[in-house]
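# Architecture and fold: a report
Read off the chains here:
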Amino acid sequence: MVAISIENVWKYYGETVAVQDLNLECRDGEFVCVLGPSGCGKSSTMRMLAGLEHISAGQILFGDKRINELAPKDRDIAMVFENYALYPHKTVAENMANPLRMAGVDKATVTKKVLDAAKLLEIDHLLDRKPVELSGGQKQRVAIGRVIVRQPAVYLFDEPIAHLDAKLRARMRTELKHLQQHQGVTTVYVTHDQLEALSMADRIAVMHDGVLQQFGTPAEIYSNPVNTWVAGFVGEPTMNLILTEVATEADRPKLTHKGFTIDLDGQLGEAALRGNEKALRFGIRPENLKVSLERSPGAIEGTVYTRQLLGSDLLVEVETGNDHFRVRTSPAFEGEVDRPCYISYDLGHAHLFSAETGQSIV
Amino acid sequence: MQKTLRAKRASFSAIEEDHGYAARRLDYGPGALNEEPKRRYHILLMAPAILTLAAITIYPFFWLIYMSLHKVSVARSDRWVGLDNYARLFGDVKYTDGWLLLVKYSALCLTLEILIGVVLAVILNGSRFEKVLVTVFLMPMMMSPVVAGLVWYYLYNGTFGWYHWLFQSIGILGETSILADIDTAMWGLVIVDVWQWTPLITLITLAGLKRVPQDQLEANMVDGAGSLRNFFTVSLPNIYPFLLIAILLRFMDNFRFIDHILVLTGGGPGNATRILPVYLFDVSFQFFKLGRGAAIAFTLLIVTIVLGLILVRIFDDPKKQVASGEAGETTDD
Ligand SMILES: Nc1ncnc2c1ncn2[C@@H]1O[C@H](COP(=O)(O)OP(=O)(O)OP(=O)(O)O)[C@@H](O)[C@H]1O
Ligand SMILES: [Mg+2]
């Protein structure tokens with residue numbers, strides 16, 4: 001219901017820098033995921049948005065309004081906390097009713113809204129319990145319930161479904177996304193689970209060590225990671241990132257490695273030569289590789305290192321010249337451990353990263 | 001919108017059922033429950049403590065009952081009078097007035113101490129001077145009640161008392177000392193008690209405030225609460241058990257400690273401050289009617305115990321602790 005601009009925001013805790021020079025624009029009604037590993041400053045960003053933490057430098061705008069100085073209650077936000085933050089002396093129903101009661105909503109409406117939210121979250125049978133009598137996942141759903149009973153300008157979710165089991169988590173992803181789209185409430189959603197971010201977000205902000213790495217749509221983040229860090233963090237199983245040397249043979253660039261050589265052409269070739277770099281990281285996702293027991297021209301030769309079944313797919317790790325390629329293939333693949341095998345690839349899906357800076361050079 | 005969501009839900013559960021992997025439930029129990037480990041030796045370990053306690057509390061208790069049923073005097077041997085001592089209490093105006101005054105005194109002290117104590121604690125909590133100020137506040141508490149009484153006796157004094165002069169200059173008091181006027185004497189005592197014991201409430205409340213979870217305060221702020229609202233809906237329910245302990249301690253002390261009253265007014269002027277414990281003191285140790293004194297003491301003891309138990313009950317009852325910030329819900333036990 002309002003656009004959010006985070007402009008040159010820094011967060012210091014004493015000497016520690018939790019967030020560095022963050023710039024983010026969330027459009028009105030957009031679902032933005034802040035994705036990053038533990039300790040990268042996601043919660044700090046969230047808490048600054050909520051007004052629970054002082055903004056050390058820079059400013060945050062809701063619409064055109066600077067909100068640095070606004071108290072949380074005046075920001076029209078609703079937040080799910082990482083650690084639930086339920087009121088232990090209140091029942092589940094009272095917990096969920098709290099924001100409505102603060103807003104002075106009449107009793108009948110409160111009861112109805114709480115019941116609706118509880119049904120949606122499948123906690124309607126727990127309404128009379130106290131938080132101590134709930135499991136972690138149930139607490140988390142109460143915390144979500146407390147947020148979705150009303151329709152604020154901004155939803156803030158700090159890892160709201162991290163403690164649910166896989167099945168329920170998948171359900172909640174759909175429900176939250178659905179709810180958000182229906183209500184059109186601008187949402188900032190913090191998670192360390194890249195799958196969650198990819199599946200829910202309109203745009204993802206990937207953070208690492210307090211620095212924003214990349215901000216873009218899930219497709220952009222997935223297919224055009226700006227650096228090796230993003231490439232390695234997003235996607236499961238992770239992208240293969242193999243260190244290779246650049247060489248030229250008859251003016252044609254190629255990547256050499258102890259186990260293989262890759263001839264580059266077209267765009268990739270130009271890019272490889274442009275930077276004059278000696279070493280590059282060759283990146284390709286496991287699903288863009290094919291493994292076979294039969295030799296084919298240009299294929300990388302290696303031996304099967306492990307086989308891991310991922311439900312419908314098989315993850316084969318292939319050792320070649322001290323490095324490993326992860327390949328996603330069908331469980332029908334017959335290669336046993338230590339058998340020689342051949343990996344073929346499509347350069348259209350390949351990425352090149354500078355070995356020094358880690359930045360994508362394509 | 002709700003409709004579509006609900007439809008979605010229905011389809012979800014349908015999927016779950018279709019798969020047919022509803023969890024298998026056992027509908028029978030184990031043949032026999034394993035015995036829980038017993039701890040017998042702890043009775044043995046506690047025996048010496050229990051016996052000592054019995055000797056120092058139970059014996060005097062029965063001695064009190066014995067005295068209350070006799071006419072006890074120092075010179076002659078005790079004479080059995082049955083319930084006579086008790087029967088005579090009902091016709092004793094000083095006794096009934098003593099109760100009324102005690103209730104008034106105790107209520108005034110408790111209310112003021114809790115109010116001021118909690119407000120002080122909230123102001124002090126997290127302030128820069130917290131440590132220094134807490135130490136300063138502790139001083140009255142460390143003073144013996146008799147000494148406190150004497151100090152205030154001088155401060156209140158009609159001719160050279162500094163406070164008397166202060167009150168007089170503001171126009172609250174006339175010529176007579178606060179303690180010499182029937183209308184104000186009680187207030188004089190209440191002020192001393194509040195002065196001496198509010199710090200205790202502050203201290204206990206501070207300890208409670210330190211344990212109010214920050215995340216609940218934050219969640220409540222995001223839910224739309226201002227700081228005052230935050231205090232009543234989150235802090236207060238959290239410090240409520242601490243406050244109950246403080247109330248329990250203070251009310252029992254009010255029923256027992258009369259040191260400063262004896263120093264300041266001795267029950268006067270007239271009978272304006274002769275609260276029941278003071279009257280009890282007079283009967284027993286001024287007029288040496290030990291039997292009657294014991295009867296008064298016994299009634300006082302019973303009421304104290306009953307009130308104390310009620311408070312402890314409230315304290316133990318988890319439902320009462322809900323309180324949800326609205327005071328009053330807690331006291332209608
Ligand atoms: N109150 C604080 N005082 C000092 N340092 C803090 C404080 N809160 C967070 N930090 C530090 O700031 C950095 C970022 O913390 P933050 O809580 O934002 O991480 P996060 O991305 O939310 O991690 P997680 O996924 O584990 O929740 C961390 O290095 C952390 O140690
Ligand atoms: Mg966090």
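Fair warning: this is a prediction, and the values are worked out from it, not measured in the lab.

## Considerations on the coordination of the magnesium ion (ligand 2)
Residue and element names in this part refer to chain A. Listed as protein donors to the magnesium ion (ligand 2) are Ser 43 (OG), Glu 82 (OE) and Glu 82 (OE); their distances from the metal cover 1.8 to 2.7 Å. In this pair, Ser 43 is assigned in helix H1 (residues 42-50) and Glu 82 in the loop between strand S6 (77-80) and helix H2 (92-102), connecting sequence segments 39 residues apart. Note on Glu 82: relative accessible area 37%, which makes it partly exposed.

## Quick word on the UniProt feature "domain: ABC transporter" (unreviewed entry) in chain A
According to UniProt, the positions carrying the feature "domain: ABC transporter" (unreviewed entry) are residues 4-234 of chain A. Measuring from the first to the last C-alpha atom of residues 4-234 of chain A gives 25 Å, for a span that is 36% helix and 26% strand.

## Focus on H1 of chain A
All names here are of chain A. By the criterion of burial, H1 is predominantly enclosed, with nine of the nine residues buried. Those residues of H1 lying buried are Lys 42, Ser 43, Ser 44, Thr 45, Met 46, Arg 47, Met 48, Leu 49 and Ala 50. Directly beyond the C-terminal end of H1, a positive phi value near 85° is found at Gly 51.

## Side note on the domain arrangement of chain A
Residue and element names in this part refer to chain A. Examined at the domain level, chain A breaks down into domain 1 (4-233) and domain 2 (241-354). Taken over C-alpha atoms, the centre of domain 1 sits 39 Å from the centre of domain 2. In this assembly, domain 1 packs against domain 2 so that about 600 Å² is buried in total across both faces, 59% of it on carbon and sulfur atoms. Sorting the residues of domain 1 by area buried against domain 2 places Tyr 222, Thr 228 and Ala 231 first, and these three jointly supply 71% of that buried surface. Across the domain 1-domain 2 interface, the total number found is zero salt bridges. Between the two partners, domain 1 and domain 2, sit two residue pairs in polar contact (both at pLDDT 80 or more). Every element with two or more residues in the side of domain 1 that touches domain 2 is listed here: helix H7 (218-223) and helix H8 (228-233). A breakdown of the residues in the side of domain 1 that touches domain 2 according to their chemical character gives five nonpolar, five polar and no charged.

## Considerations on the sheet that holds strand S4 (residues 57-62) of chain A
Residues and elements named next belong to chain A. Read across the sheet, four strands follow the order S2-S1-S4-S5 without closing on themselves; strand pairing throughout is antiparallel. The open sheet terminates on both sides in strands that have one partner only, identified here as strand S2 (16-26) and strand S5 (65-66). As paired elements, strand S1 (residues 4-13) and S4 share five bridges and run antiparallel to each other. From the neighbouring strand, Ile 6 faces S4, where its bridge partner is Ile 60. On the sheet, H1 packs against S1, S2 and S4 and is oriented at approximately 115° with respect to S1.

## Some details on the packing of helix H4 (residues 93-124) of chain B against helix H13 (residues 290-316) of chain B
Residue and element names in this part refer to chain B. At their nearest, the axes of H4 and H13 sit 12 Å apart, and the two run at 30° to each other. Note that H4 runs across H13; the crossing there is right-handed. Mapping the contact onto sequence places Tyr 95, Trp 99 and Leu 102 in H4 and Ile 296, Thr 299, Leu 300 and Val 303 in H13. Class assignment of the residues belonging to the contact of H4 with H13 gives a composition of six nonpolar, one polar and no charged.

## A word on the domain arrangement of chain B
Residues and elements named next belong to chain B. By the assigned domains, chain B splits into domain 1 (22-68) and domain 2 (87-330). Distance between the C-alpha centres of domain 1 and domain 2: 35 Å. Across the contact, five residues belong to domain 1 and seven residues belong to domain 2. Both faces combined, the contact of domain 1 with domain 2 buries some 500 Å², and carbon together with sulfur accounts for 88% of it.

What counts and what doesn't
Once a new chain begins, its residue numbering starts again from 1 and follows that chain's sequence as written. Throughout, the order in which chains and ligands are written sets their labels, letters from A for the former and numbers from 1 for the latter. Given that this is a predicted model, residues contribute local features only at a pLDDT of at least 70 and side-chain atom pairs are listed and counted only at 80 or more, while totals for whole chains, interfaces and linings are drawn from all residues. To obtain the side-chain values, all non-hydrogen atoms of the structure were used and water was disregarded. Any nitrogen, oxygen or sulfur atom within 2.8 Å of a metal ion counts as a donor, with the limit raised to 3.2 Å for Na, K and Ca, and since water is left out, coordination shells can look unfinished. Here a strand is any run of E in DSSP of at least two residues, a helix any run of H or I of at least four, and the numbering for each starts at the N terminus. Working definition: with a 1.4 Å probe on protein chains only, accessible area under 20% of the residue-type maximum means buried, over 50% means exposed, and in between means partly exposed. UniProt positions are given in the numbering used here, feature names are shortened, and annotations may be inferred rather than shown by experiment. All domain edges in this entry derive from an automatic or database-based domain assignment. Accessible-area loss on putting two parts together, using a 1.4 Å probe and summing over both, is the definition of buried area adopted here. Between Lys or Arg on one side and Asp or Glu on the other, a salt bridge is scored when a side-chain nitrogen of the former is within 4 Å of a carboxyl oxygen of the latter. In protein, a polar contact requires one atom able to donate a hydrogen and another able to accept it; more generally it is a pair of N or O atoms within 3.5 Å, and residues adjacent in sequence count only if both atoms are side-chain atoms. Any residue that is not Ala, Val, Leu, Ile, Met, Phe, Trp, Tyr, Cys, Pro, Asp, Glu, Lys or Arg is counted as polar, Gly included; the first ten are nonpolar and the last four charged. Whether two strands pair comes down to DSSP finding at least two bridges between them. Here, residues are in contact when the closest pair of their heavy atoms is within 4.5 Å. To obtain an axis, a line is fitted to C-alpha atoms, over the contacting stretch when the element is a helix, and the angle between two such axes runs from 0 to 180 degrees between their N-to-C directions. Throughout, a crossing is termed right-handed when the near helix is turned clockwise from the far one, and left-handed when it is turned anticlockwise from it by less than a right angle.

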